[in-house]
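Residue-level structural notes
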Amino acid sequence: MTDLTREGAEKLDAADLLAPFRDRFVIDDPSVIYMDGNSLGRLPIATERRLAEFIRQEWGGELIRGWDHWLTLPGQVGDRLGAALLGAAPGQVIVSDSTTVNLYKCAVAALDARPDRRVIVTDKENFPSDRYVFEGLAGQRGLTLRMVESDPVDGLTAEVAADAIDEDVALVSFSHVAYASGAIADMGSITKAAHRAGALALWDLSHTVGSLPAELDASEVDLAVGCTYKYVNGGPGAPAFLYVSHTRQAALRQPIWGWFGQREQFEMGPAYDPVPDVTQFLVGTPPVLGLVAVDEGVKLLAEAGIHALREKGLALTSYLIHLHDEWLASLGFQVGSPRDAAQRGSHVSLRHPDARALCRALISHGVIPDFRTPDRVRLGPAPITTRYVDVWDAMNRLRTLATQ
C-alpha cells in the first residue's frame, strides 16, 4: 500500500465491498470523522425504526401481553449473537445486565466450582472494571489475586500466562483484545493451560465481538462476557452478554438468585430452584428495549459477515499505521499497538507525550478519537461504518495539529 494521497484512499473505498453498509447508519453530520467505534457504535437506521415501531405497537399496543414473546428475548438474541459473532452453538449465550455484572456472576460461579483453590489470575493491563471485580472477590474470600505482567503494546503471551497458572488457581481471566493496545491474546492456548491445571477460563470479549471471530466452542472456553454497545452498535448502556459452555452449565451456580433464573418462574415457589441451563444466569426483568436494539445490530453484522469485517478491520488499521510511519513517526509519535496485523484487533493506539491535549484538539477540529492514560490517542475505525478517507482525513488533521 504505497499511494498515500487522498485520491488513493478514495480508490480503496470504491473497491470496498462493505462500503454500502455505511448508508444504513445515522450520520447526521458527514463532516464529523468518527474514530471511536470501539467505544460506542453508530446508530443503525433499522434500530431507529424498529424501536419506534416497538414502542408504539408492542409496548403501546400489546401492553403486558407482550411478555408472552418478550420473555424469550435474552436467549433468542444471545443465540443469534453466538452464531454470527462468537462461534457458539445455541443455548450458551444470553444477553442481560452489564458486562461487569456478568463478569461477577461468571467469576463467582467459577470460584464456587473450585472451592479448594485460592488464586485468581489476571494481568495488570486488563480492563480496570475486570481487575476491580477480581480484587473485590479476592478480598471478600481471602484469595490471592495473581497479576501477571503483559506487554503494554504487544499484550499477553501464552507463555507468560501459562507460567502463572498452577494447581492453586481456580480462575484464569483475561481480555481477548486489550482495551488499550488492541493486542490479541491466544485464547485457545491460554484456555488449554488453565484446563491442564484444573482451572476455569473466563474471557472478556468487549473489544472482540463484532470486530473479529471469537470461536468460543472451538477454543473450549468455559465462560465469556462482553458488551454490545461498541462494534455491535447496540446503543449507550445496551445490555451485555455472557457465554457458559454446555460442558459447564450443569456444574456452575451463579450467585445472584433472581426469579428469571428460576425453574417454573411464575409458580412463585418458596425456594430457589434454578433452570438447568444458561438461563439460570438471568436475574431480573430483561431490558426489552435494549434487547431489541442489540438484535438489530447483530443482524447487520451477520449480514456483513464477521470474516469480512475482520478483513476490513485489518486493512483499515494497517493503513492507519502506514500513514503514521510516513507522517507522524518524525513528530514524536509511536505506535502503541502490535504491528503484526494478525496480533491486532480493530483499534490502534498512537503514543505521544501530549496525547491528552491532542485528543482535545482533534475533537475541536471535527475528529472524535479516544484518550487512554497515560499517553495514548486511541483510534477505533469500525469496519462496518468507517471509510479509508475517514482514516486519511483523521491522520492528516492529527499531523497538522502536531506541527502547530
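Residues numbered from 1 in each chain as written. Predicted model: local features only at pLDDT ≥ 70, side-chain atom pairs only at ≥ 80, totals over all residues. Heavy atoms only, no water.

1. Regarding the sheet that holds strand β2 (residues 93-95)
As a general point, the strands of a sheet are linked pairwise by backbone hydrogen bonds and lie either parallel or antiparallel. Strand order across the open sheet formed by seven strands is β2-β8-β7-β6-β5-β3-β4, with mixed pairing between neighbours. At either end of the open sheet lies a strand with only one pairing partner, and these are β2 and β4 (144-148). Sheet twist, expressed as the mean angle between neighbouring strand axes with direction ignored, is 20°. When strand β3 (residues 119-123) meets β4, the two strands line up parallel, connected through five bridges. Bridge assignment links Thr122 to a residue of β4, and that residue is Met147. Across the face of the sheet, helix α5 (residues 99-113) comes into contact with β3, β5 (169-175), β6 (200-204), β7 (223-226) and β8 (241-244) while running at roughly 165° to β7. (Pairing = 2+ DSSP bridges. Helix = DSSP H or I, 4+ residues; strand = E, 2+ residues; numbered from the N terminus. Axes fitted to C-alpha atoms, helices over the stretch in contact; angles between N-to-C directions. Contact = heavy atoms within 4.5 Å.)

2. Here we look at the packing of aromatic side chains
Scanning the model with the defined rule gives nine aromatic pairs in all. Both rings, one in Trp67 and one in Trp70, keep their centres 5.3 Å apart while their planes meet at 80°; by these two values the pair is edge-to-face. Taken as a pair, Trp67 and Trp70 lie in helix α3 (residues 67-70) at a separation of three residues, close to a single helical turn. Given the relative accessible area of 24%, Trp67 is considered partly exposed. (Phe/Tyr/Trp six-rings, centres within 6.5 Å; stacked < 30°, edge-to-face > 60°. Buried < 20%, exposed > 50% of the residue type's maximum accessible area, 1.4 Å probe, protein only.)

3. Here we look at empty space enclosed by the protein
For the structure on display, the rule yields two cavities of 30 Å³ or more. Taken together, 16 residues form the lining of the largest cavity, with Asp123, Glu125, Ser150, Leu156 and Ala178 sitting closest to its centre. When its residues are assigned to classes, the lining of the largest cavity shows eight nonpolar, five polar and three charged. Around the second largest cavity, the lining residues are Tyr34, Gly37, Gly41, Arg42, Asn233, Gly380, Ala382, Thr385 and Thr386. (1 Å grid on protein atoms, 1.4 Å probe; cavity = no way out; pocket = protein on both sides within 12 Å on 5 of 7 lines; lining within 4 Å. Points joined across faces, edges and corners; volume = space filled by probe spheres on them. Nonpolar A, V, L, I, M, F, W, Y, C, P; charged D, E, K, R; others polar.)

4. Digging into the sheet that holds strand β13 (residues 376-379)
Strand order in the open sheet formed by four strands is β9-β10-β13-β12, with antiparallel pairing between adjacent strands. With partners counted over all chains shown, the strands left at the sheet margins are β9 (334-335) and β12 (370-372), one partner each. Inspection of the sheet shows β9 paired to strand β10 (residues 348-351) by two bridges, in the antiparallel sense. Opposite Val335, over in β10, you have Leu350 as the bridge partner.

5. Overview of the environment of Gly366
Structurally, Gly366 is set in the loop between α11 (355-364) and β11 (367-368). Note: C-alpha distance between Gly366 and Lys299 (67 residues apart in sequence) is 30 Å. Discounting chain neighbours no more than four positions away, the residues touching Gly366 are Ser31, Val32, Ile33 and Arg397.

6. Some thoughts on the pairing of β7
Here β7 shows two buried faces, one formed by Leu223 and Val225 and the other by Ala224 and Gly226. Both β6 and β7 contribute to a ladder of three bridges, which runs parallel. Bridge pairing in β7 places Leu202 opposite Leu223. Here β7 pairs with β8 via four bridges, running antiparallel. For Val225, the partnering residue across the bridge sits in β8 and is Leu242.

7. Comments concerning the packing of helix α1 (residues 6-14) against helix α12 (residues 388-402)
Axis separation between α1 and α12 bottoms out at 7 Å; the angle between their running directions is 155°. By the angle between their directions, the pair α1 and α12 is classed as roughly antiparallel. For the pair α1 and α12, contact is made by Arg6, Ala9, Glu10, Leu12 and Asp13 and by Tyr388, Val389, Trp392 and Asp393, respectively. Of the residues contributing to the contact of α1 with α12, the split by class is five nonpolar, no polar and four charged. (Parallel < 35°, antiparallel > 145°, perpendicular 65-115°, else oblique.)

8. A word on the nonpolar core
Leu86, Val172, Phe174, Ile190, Trp203, Leu205 and Leu216 are the most contacted members of the largest nonpolar core, which totals 54 residues. For this core, the element with the highest residue contribution is helix α9 (residues 288-304), accounting for eight residues. Residues in contact with Leu86, not counting those within four places in the same chain, are Leu81, Val93, Leu205, Val209, Ala214, Glu215, Leu216 and Phe241. With 31 residues, the next largest nonpolar core counts Val348, Cys359, Tyr388 and Val391 among its residues. (Core = buried A, V, L, I, M, F, W, Y, C linked by side-chain atoms within 4.5 Å.)

9. Brief notes about the pattern of salt bridges
In the structure shown here, the tally under the stated rule is 21 salt bridges. As a salt-bridge pair, Lys299 and Asp295 come within 3.9 Å of each other at their nearest N and O atoms. Taken together, the residues Lys299 and Asp295, both in helix α9 and four residues apart, mark about one turn of the helix. A salt bridge links Glu296 to Lys299, with the nearest nitrogen and oxygen atoms 3.7 Å apart. Remark: Lys299 and Glu296 occur in helix α9; sequence separation between them is three residues, near one turn of the helix. (Salt bridge = Lys/Arg side-chain N within 4 Å of Asp/Glu carboxyl O.)

10. Looking at the layout of surface pockets
To find leftover empty space, a probe the size of one water molecule is rolled over the atoms. Taken as a whole, the largest pocket encloses approximately 260 Å³ of empty space. Contributing to the lining of the largest pocket are 20 residues, with Phe127, Asp204, Ser206, Tyr229 and Lys230 lying nearest its centre. When contributions to the lining of the largest pocket are tallied by element, the ones reaching two or more residues are α5 and α6 (128-141). Across the lining of the largest pocket, the residue classes break down as seven nonpolar, eight polar and five charged.

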